[in-house]
Every structure is written in C-alpha cells, then in structure tokens.
Amino acid sequence: MRQPVIIKSNKYGMVVRLDPELDFEKLLEAVAVKFRESAHFFQDAKMALTFQGRTLHKGQEDQLVQTIADNSQIRIMCIVDERPEEEAYYQNAVAMAEASKSSGQFHRGDVNVGESLEFETSVVILGDVQPGANVTSRGNVVVLGSCRGTVYAGAGGDRSCFIAALVMKPIQIRVADKAARSAITKRVDHEQYALDPRIAYIKDDHIHVKSLVRSTLLDVLSQAEEPTDKDT
C-alpha cells in the first residue's frame, strides 16, 4: 500500500507529495498524522513549500498549509511551483519572502507577454515576469522566479521601495522616480538562467542592483529609515 503523503526536505524547502486519488478530507487527516509524526525533525523551521502529485485549488492549498501549521512548528513562508529540488532555490525563496513579509498580497503564476498587473500594495509574484509583461506596484515587488519584463515599484513615489528577483534580467525596472534599463536588447521566452538573487533599490539618488545578501538587505532597510521629503 503506497503512502498517501511523502515528505522530502532540505534546510530551506519542502516537497510534499500527495496521493492523487485519495478523498481530500482523508488526505488532510493523513497530512496531519504525517506532520505530527515528523514534527521533531523540523522544529521551528522557516520553509518554502511545493506540493506534488495532484492538482489543488487555492482553498485546498490553504487548508493543507493550515493543517501543516496546526500539526508542526513549521512556518510556511511561501508556496512555490514545482522546481528541481535545489536547496539554493528554496533558501533564496525563503529569504525573499521573509524580506517582503509586510507585503500585501501574492500573485500565483507567470505574468506573460502582453499582460499588465497593477497592485495598490506590495506583491510577491510566485512565478516569472516574462519579456513583454508589466508589473506595477505602489509598494515592493518580489519575483520568486525570473524578472525579464518591466517592473515598477514605489509607483506612488515611495523611494524606500525595492524590486527583488531570483533572476534579475529585466527589460526595465523603475523605483519611484528613478529608472534603469537592461543592456540586453533581445529576449527569448524559453531562456534559462542560473539563480542569482538580486535586489534593486534607490541609494544616493540612483538605482543600485546588488546581490541579495544580508548586508544588502541591511542597506535597503537603512535607506528606508532615512527621512524623505514627506517626513520633514
């Protein structure tokens, strides 16, 4: 008899494989049992989560995440699409989700060519921003995938906002009143890039794009704390 729930994990990420045919209510019970039995392995871990094995709608995903939280001490930072089980991918996803923990909402799926999305709050894109796509937010924009389109953060003029992505290869980025363009003039939709998390923010009146490491995050936060014209 096959197991209804199988967990594979590394330090930062977890893949939960679900039986594709089991009744969903019974599946929830099986998930609860599995995570109670495994709770001592994870303790107070912060993780990115991937579901495999069956198609889930958002309500089911929410129930599964709640069941995991109720039966373990794991903090699910975000749900990411199925990817190769690379520890670096999950580590970066967790770091970026945590950096944007005050974000107002999540968008699940790619933003494709010709699409334009606008948000009144910060947003985490759980997918890619493809060439020819546009994302505009009055807050921060975090892309848990590749950013290869046009992204505008701080659309209301807030210079403390930032743009972050696991792969930063945009056509154009803009933060408040500052903009920067990529030197790459041609994009192919199926291009693949190695993970290289970066963050774009305003410092010294220019947009800086730097590797997403702790020291950079501290620099971003320090910029946010500096008084602006609105504060004086």
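Our structure's up above, just so we're on the same page.
All of the points below concern the structure found in this document. (Residues numbered from 1 in each chain as written. Predicted model: local features only at pLDDT ≥ 70, side-chain atom pairs only at ≥ 80, totals over all residues. Heavy atoms only, no water.)

1. Digging into helix H1 (residues 24-42)
Along an α-helix, residues three or four apart share an orientation, since each turn contains 3.6 residues.
Here comes step 1: At Arg-36, H1 shows its maximal kink, close to 40°.
Here comes step 2: Of all the positions in H1, only Phe-24, Leu-27, Leu-28, Ala-30, Val-31, Ala-32, Phe-35, Ser-38 and Phe-42 are classed as buried.
Here comes step 3: On the buried face of H1, the contacting elements are strand E1 (5-9), strand E2 (13-18), strand E3 (46-52) and helix H2 (58-70).
Here comes step 4: The N-terminus of H1 is capped by Asp-23, whose side-chain oxygen sits 3.1 Å from the backbone nitrogen of Glu-25. (Bend = angle between axes of the 7 residues up to and from the residue. Helix = DSSP H or I, 4+ residues; strand = E, 2+ residues; numbered from the N terminus. Buried < 20%, exposed > 50% of the residue type's maximum accessible area, 1.4 Å probe, protein only. Contact = heavy atoms within 4.5 Å. Polar contact = N/O pair within 3.5 Å; in protein donor to acceptor, adjacent residues only side chain to side chain.)

2. Some words on the side chain of Thr-67
Here comes step 1: Residue placement: Thr-67 occurs in helix H2.
Here comes step 2: Other than its neighbours up to four places away in sequence, Thr-67 contacts Leu-28, Val-31 and Ala-32.

3. Points about the pattern of salt bridges
Here comes step 1: A complete count under the given rule lists seven salt bridges for this structure.
Here comes step 2: Asp-205 is paired through a salt bridge with Arg-159; the nearest N and O atoms lie 2.8 Å apart. Within this pair, whereas Asp-205 is found in the loop between strand E14 (198-203) and strand E15 (206-211), its partner Arg-159 is found in the loop between strand E10 (150-153) and strand E11 (162-168), the two being separated by 46 residues in sequence.
Here comes step 3: We classify Asp-205 as partly exposed; its relative accessible area is 39%.
Here comes step 4: Assessed through its relative accessible area of 31%, Arg-159 is described here as partly exposed.
Here comes step 5: Its salt-bridge partner being Asp-196, residue Arg-198 comes within 2.9 Å of it at the nearest N-O pair.
Here comes step 6: A single network of salt bridges, built from pairs that share partners, joins Arg-159, Asp-177, Lys-178 and Asp-205. (Salt bridge = Lys/Arg side-chain N within 4 Å of Asp/Glu carboxyl O.)

4. So, the sheet that holds E3
Here comes step 1: Taken in spatial order, the four strands of this open sheet run E1-E2-E3-E4, and their pairing is mixed. Each end of this open sheet is capped by a strand with a single partner; those strands are E1 and strand E4 (75-79). Along the sheet, successive strands turn relative to each other by an average axial angle of 30°, direction set aside.
Here comes step 2: Both E1 and E2 contribute to a ladder of five bridges, which runs antiparallel. Considered in E2, the bridge of Lys-8 is made with Val-15.
Here comes step 3: The sheet contacts of H1 involve E1, E2 and E3, and relative to E1 the element is tilted by about 35°.
Here comes step 4: Docked against the sheet, H2 engages E2, E3 and E4, running at close to 135° with respect to E3. (Pairing = 2+ DSSP bridges. Axes fitted to C-alpha atoms, helices over the stretch in contact; angles between N-to-C directions.)

5. What about the pairing of strand E13 (residues 178-181)?
Looking along a regular strand, one sees side chains alternate from face to face of the sheet.
Here comes step 1: Sheet topology note: the strand E12 (residues 172-175)/E13 ladder contains four bridges and is antiparallel. Bridged to Arg-174 within E13 is Ala-179.
Here comes step 2: Between the antiparallel neighbours E12 and E13 lie two residues, among them Ala-176 with a positive phi of about 55°.

6. Quick notes on the side chain of Ser-72
Here comes step 1: Mapped onto the secondary structure, Ser-72 falls in the loop between H2 and E4.
Here comes step 2: A polar atom in the side chain of Ser-72 sits 3.3 Å from the backbone nitrogen of Ile-74.
Here comes step 3: The residues contacting Ser-72, other than those within four sequence positions of it, are Phe-35 and Ala-39.

7. What about unusual backbone geometry?
Here comes step 1: In the Ramachandran plot, Asp-204 falls in the positive-phi region, its phi being about 55° despite a non-glycine side chain.
Here comes step 2: By secondary structure assignment, the location of Asp-204 is in the loop between E14 and E15.
Here comes step 3: With a phi close to 70°, Asp-205 is a non-glycine residue in the positive phi region.

8. Concerning the packing of H1 against H2
Here comes step 1: Taken N-terminus to C-terminus, the directions of H1 and H2 make an angle of 30°; their axes are 9 Å apart at the nearest point. One element, H1, and the other, H2, form an angle in the roughly parallel class. Crossing geometry of H1 relative to H2 is assigned as right-handed. For the pair formed by H1 and H2, the contact residues are Phe-24, Glu-25, Leu-28, Val-31, Ala-32 and Phe-35 on the first element and Gln-60, Gln-63, Leu-64, Thr-67 and Ile-68 on the second.
Here comes step 2: Its residues assigned to classes, the contact of H1 with H2 comprises seven nonpolar, three polar and one charged. (Parallel < 35°, antiparallel > 145°, perpendicular 65-115°, else oblique. Left-handed = near helix turned anticlockwise from the far one by under 90°. Nonpolar A, V, L, I, M, F, W, Y, C, P; charged D, E, K, R; others polar.)

9. Observations concerning the sheet that holds E14
Here comes step 1: A sheet is described by the order of its strands in space; here six strands give the open sequence E5-E7-E9-E11-E14-E15, paired in mixed fashion. Taken across any chain shown, the strands that pair with only one partner, and hence form the sheet edges, are strand E5 (105-108) and E15. Across the sheet, the mean angle from the axis of one strand to that of its neighbour is 20°, orientation sign disregarded.
Here comes step 2: Where strand E9 (residues 141-147) lies against E11, five bridges are found, and the strand directions are parallel. Bridging from a neighbouring strand, Val-143 pairs with Ala-165 of E11.

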